[in-house]
Amino acid sequence: MKKSWLMLLLAAALGLAQAQTVTIGLTVSKTGKYNVESVNQLNGIKLWQDWVNGQGGVQVGGKRYKVELKYYDDESKAQRVQQLYSRLISQDKVDFLISPYSSGLTAKAAIISEQYGKVMVATGAASDSIFKLGYENVFQIYTPASRYLTSTVDMLKAADPALKKIAVVYEDSKFAKAVATAARDYAQKAGFDVVLFEGYPPSTTDFGPIINKIKASGAGALVGGGHYADGATFARQLFEQKAPLKMIALLVAPASDEFAQLGEAALGVAAPSQWEPLVKYSPDFGPTPQEFTEMYRKAYGKTPAYRAAGGFAAGLVLQKAMMEAGSLDGAKVRAALDKMDLTLFFGGIRFSTDPASHGLQLGHEMVQIQWQKKGGQMVKEIVWPLAAKTADLIYPIR
Amino acid sequence: MDGLLIGLVYGLAAIGLTLIFGVMDVVNLAHGAIIALGMFFLYLFFGAGLHPYLSLLPVAIVGFFLGVIVYQIAVRRIINGPPLMSLLATFAVSMIIVGIGTALWSTSPYNINFKVVTYTLGGYTVTSARLVSAVAAVLVTFGLYFFLYRTVLGKAVRAVANNREAAELMGIPSQQILAISFGIGTMLAMLSGALIATLFPFTILSGGVYELKSFVASVLGGLGNPTGALLGGIILGLIEGSVAPFIQVSWTNVIEFVIFVLILLFFPTGLFGGRR
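Rules used in this analysis
- Residues numbered from 1 in each chain as written.
- Chains lettered and ligands numbered in written order.
- Predicted model: local features only at pLDDT ≥ 70, side-chain atom pairs only at ≥ 80, totals over all residues.
- Helix = DSSP H or I, 4+ residues; strand = E, 2+ residues; numbered from the N terminus.
- Rg over C-alpha atoms; globule rule 2.2 N^0.38 Å.
- Contact = placed C-beta atoms within 7 Å.
- Buried ≥ 20, exposed ≤ 12 C-beta atoms within 10 Å, placed from the backbone.
- Domains from an automatic or database assignment.
- Nonpolar A, V, L, I, M, F, W, Y, C, P; charged D, E, K, R; others polar.
- Core = buried A, V, L, I, M, F, W, Y, C linked by C-beta atoms within 7 Å.
- Pairing = 2+ DSSP bridges.
- pLDDT = per-residue confidence, 0-100.
- Axes fitted to C-alpha atoms, helices over the stretch in contact; angles between N-to-C directions.
- Expected span 1.5 Å × (residues − 1).
- Parallel < 35°, antiparallel > 145°, perpendicular 65-115°, else oblique.
- Left-handed = near helix turned anticlockwise from the far one by under 90°.

Asker: How do you make sense of the overall build of chain A when you look at a structure like this?
Answerer: Regarding its fold elements, chain A presents 11 helices and 15 strands. Against the compact-globule benchmark of 21 Å for 398 residues, chain A has a radius of gyration of 22 Å, which places it among compact chains. Here the C-alpha coordinates of chain A stretch approximately 80 × 45 × 35 Å along the principal axes. Contacts spanning at least 24 positions in sequence make up 67% of the contacts within chain A whose residues lie at least 6 apart.

Below you can see the structure in the form of structure tokens.
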């Protein structure tokens, strides 16, 4: 008798809770090539969920909604992304979407979110092209690819005005190619001579032939890379083959803490980063960078990388938009996102409202990191912009 | 130069594949997964504090016994069945290995970080890791030849490969010989995986790339012919190393397979003749 009462109470409580939730759907690459990056990003999103639910939920027009996440493993595969986002929308009836990790997968998810008219906040996706298709429901958190390596070029110019020859070598993926192309154009305008501009297949493990080409080209600096696996391999072989480069800046890989596993080969390698724990932003919404870093350490025992911060920021942006809209209605939230102009612990957030590039991130800026050695330990230091630096740039690196 | 060194390691992987095919007509689809397993076993022994090159010995031993076990469980019963049966069985083994590997290590990249010395010789830069890998591949190949041509057991393996029934009539216990051959093939795959792991970072899914290379190398050399497989591997490595300066690296695979198809057109049994 007692038991059945309890059951009834539990059912009532569950029913109540269900009525008061906002569901956010996404896919995560728990397996496949984006596994490291994507799980980091999910950790950030989950931390945001705990943070907001710890405060009683999202305040929307006098009511509080607990955040519920619904996610599946997309295996880092595009077909899976399309199936699963359709499922999230039509079967699971989620209220809002967050993108998968990587530009390639997000481009696929964006097609679905646009077909169904669901708002999707895109994090972990820096490609510009997704936002040049006239989509109305997709909003970007990261600094777009076209501005990804431009500050690296500025940094190089400041460090060594005499250096002219640079090589741009990139992974043949949507994101890396977009970044590399933009970097080449920017470098040429800045007076550099791009002596090598070449892509390598994403599955490349032997970089020997390409490193020989870099050497033959006489380039003094290298910018490029792609994602984690290829970037780490590339950096290691550049070191082993003693490529005579004064600066190496690679995308993504050096920004991960796992990069320290490379030991000596990591030394001096620079990377643009969307965010670093030491940045000094004063947010007008959500936690400060220090508070976020502390929370993350407590939850996962690690220092957060920028992908985790991007995940948390995506949650914050959705939360703020719901609060401003005072409703869970898609159209109203979309309008609130269009109007948004804020600074988070992650940096500035402002979306393009131009129909030709709707949703493109305009407010956020990159910082540059470099792996340096301190007391026998490999550490990541912020070296650019000068106003935010934690250490001087090591130049030349070898 | 680099191509030659890496080609020797591809060749070693290909010998493992071609040996199994030559002796028992089984196309081992678990080959790639076993190569990846070799990488991870090296990682385990390395993690336990053993030098990577010393770890090769336990990796080889594990590889041999793993091969014998896989043979006894998955291959033995169907060895006389239609070819599709053994394809499916070895494919299943591959899925099991990759599945367990994903559960244990996820698909994140791993790296063996140890001191590598670099030599520069007239414009060429060669790392000690590549030299040692190539030398190890050659030594193992010589070892295999010594085994096949100079020992009684090796002669028995060749006898079974040539004609299993005749060998049985001569009193050779063919089941045991087949198990040993499968063990050796697996051992070679594990060893080549371990050598590759000293050169490049790897994940549990890395085996696929090298499985493909092994197939190409062994078909180039003539299926069932170990020397051919080694030479096939060298050719593959040389193509990869030598076409890169002239074209975009993305095209390497295209060139590689165009050459592959051309060779098959003009030498249907491989460049060095199959053993069939």
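Back to the write-up after that little detour.
Asker: Explanation requested: the overall build of chain B in the structure shown.
Answerer: When helices and strands are tallied, chain B shows 11 helices and 2 strands. When the helices and strands of chain B are placed in sequence order, the string is α-α-α-α-β-β-α-α-α-α-α-α-α. Taken over the C-alpha atoms alone, chain B extends approximately 60 × 50 × 35 Å along its principal axes. Looking at chain B residue by residue over its 276 residues, the buried ones come to 52%. At a minimum sequence separation of 6, the contacts of chain B that also span at least 24 residues come to 77%.

Asker: Hey, could you run me through the domain arrangement of chain A in this one?
Answerer: Quite often, the size of an interface is put as the accessible area lost when its parts meet. Residues and elements named next belong to chain A. When its domains are assigned, chain A resolves into domain 1 (21-143 + 279-357) and domain 2 (147-273 + 366-388). If you average the C-alpha positions of domain 1 and of domain 2, the two centres end up 28 Å apart. Contact with domain 1, which involves 18 residues of that partner, is made by 17 residues of domain 2. Sorting the residues of the side of domain 1 that touches domain 2 by element identifies α2 (35-54) and α4 (103-116) as the ones contributing at least two each. Counting residues per element, the side of domain 1 that touches domain 2 draws most heavily on α4, at 3 residues. Across the side of domain 1 that touches domain 2, the residue classes break down as 6 nonpolar, 7 polar and 5 charged.

Asker: Explain the nonpolar core to me, please; I cannot follow it from the model alone.
Answerer: One broad trend across soluble globular proteins is that nonpolar side chains are buried collectively. If you look at the biggest cluster of nonpolar residues, it comprises 127 residues, and the most contacted ones within it are Val179, Ala235 and Ile248 of chain A. With 12 residues, helix α10 (residues 306-325) of chain A is the single largest residue contributor to this core. Residue-level mapping places this core at the junction of two domains, with at least three residues from each of domain 1 (21-143 + 279-357) and domain 2 (147-273 + 366-388) of chain A. Those residues in contact with Ile248 of chain A, other than ones at most four positions away along the chain, are Leu222, Ala235, Leu238, Gly268, Val269, Ala270 and Ile397 of chain A. In this structure, Ala13, Ala30, Ala33 and Phe40 of chain B belong to the second largest nonpolar core, which totals 88 residues.

Asker: Could you clarify how one ought to interpret the pairing of strand β13 (residues 347-350) of chain A in this entry?
Answerer: The two faces of the sheet receive side chains in turn, since in a regular strand these alternate between them. Residues and elements named next belong to chain A. Two strands pair when backbone bridges link them, and strand β12 (residues 341-344) and β13 are joined in this way by 4 bridges, in the antiparallel orientation. Paired with Thr343 across the bridge in β13 is Gly348. What sits between the antiparallel neighbours β12 and β13 is a turn of 2 residues.

Asker: How should I be thinking about unusual backbone geometry in this particular structure?
Answerer: The bulk of non-glycine residues show a negative phi, and the bulk of peptide bonds are trans. Omega for the bond connecting Tyr395 of chain A with Pro396 of chain A falls within 30 degrees of zero, at -10 degrees, which places this linkage in the cis form. With respect to the secondary-structure elements, Pro396 of chain A resides in the segment after β15 (377-384). With a phi angle near 60 degrees, Val252 of chain A is a residue other than glycine that sits in the positive phi range. Residue Val252 of chain A is classed as buried on the basis of its C-beta count, with 31 C-beta atoms lying within 10 Å. In this structure, Asp25 of chain B is a non-glycine residue whose phi angle is positive, near 55 degrees. Checked against the element boundaries, Asp25 of chain B lands in the loop between α1 (2-24) and α2 (31-47).

Asker: Please clarify how the confidence of the model for chain B should be interpreted in this entry.
Answerer: Interpretation of this model should avoid reading the predicted coordinates in detail wherever pLDDT is low. Taken as a whole, chain B shows an average pLDDT of 86; of its residues, 97% reach a score of 70 or greater. Of the two predicted TM-score estimates for the complex, the pTM is 0.70 and the ipTM is 0.70.

Asker: Please clarify how the sheet that holds strand β6 (residues 138-140) of chain A should be interpreted in this entry.
Answerer: Within a sheet, each strand pairs with its neighbour through backbone hydrogen bonds, oriented either parallel or antiparallel. Residues and elements named next belong to chain A. The 6 strands are arranged β2-β3-β1-β4-β5-β6 in an open sheet whose pairing can be described as mixed. Unpaired on one side and paired on the other, β2 (58-60) and β6 mark the two borders of the sheet. Taking the axes of each pair of neighbouring strands and ignoring which way they run, one obtains an average angle of 30 degrees across the sheet. Relative to β6, strand β5 (residues 120-122) runs parallel, the two being bridged by 3 bridges.

Asker: Is there a simple way to explain helix α3 (residues 78-90) of chain A in this structure?
Answerer: Owing to its 3.6 residues per turn, the α-helix brings residues three or four apart onto one side. With 13 residues, α3 of chain A extends 19 Å between its outermost C-alpha atoms, agreeing within 8% with the 18 Å of an ideal straight helix rising 1.5 Å per residue. Residues of α3 of chain A that are buried in the fold lie against β1 (21-28), β3 (63-73), β4 (96-98) and α4 of chain A.

Asker: Help me understand the environment of Met378 of chain A in this model?
Answerer: Residue and element names in this part refer to chain A. If you trace the backbone, Met378 turns up in strand β15. Among the residues examined, Met378 registers 17 C-beta atoms within 10 Å and is labelled partly exposed. It is 29 Å that separates the C-alpha atoms of Met378 and Ile141, two residues lying 237 residues apart in sequence.

Asker: Even after reading the chapter, I still don't get the packing of α2 of chain B against helix α9 (residues 207-221) of chain B, so can you show me in this structure?
Answerer: Any two packed helices are characterised by the angle at which their axes cross and by the distance between the axes. All names here are of chain B. Interhelical geometry of α2 versus α9 gives an angle of 125 degrees and a closest axis separation of 7 Å. Between α2 and α9, the angle falls in the class oblique. Relative to α9, the crossing made by α2 is right-handed. Residue-level inspection shows His31, Gly32, Ala33, Ile35 and Ala36 of α2 in contact with α9, the latter providing Gly207, Gly208, Tyr210, Glu211 and Ser214. Of the residues in the contact of α2 with α9, the class split is 4 nonpolar, 5 polar and 1 charged.

Asker: In this structure, what is going on with helix α9 (residues 289-300) of chain A? I would like to understand it.
Answerer: Residue and element names in this part refer to chain A. Here α9 is 12 residues long and its end C-alpha atoms lie 16 Å apart, about the 16 Å a rise of 1.5 Å per residue gives. In this fold, the buried residues of α9 make contact with α2 and α10. Gly301, located one to two residues past α9, shows a positive phi value of around 70 degrees.

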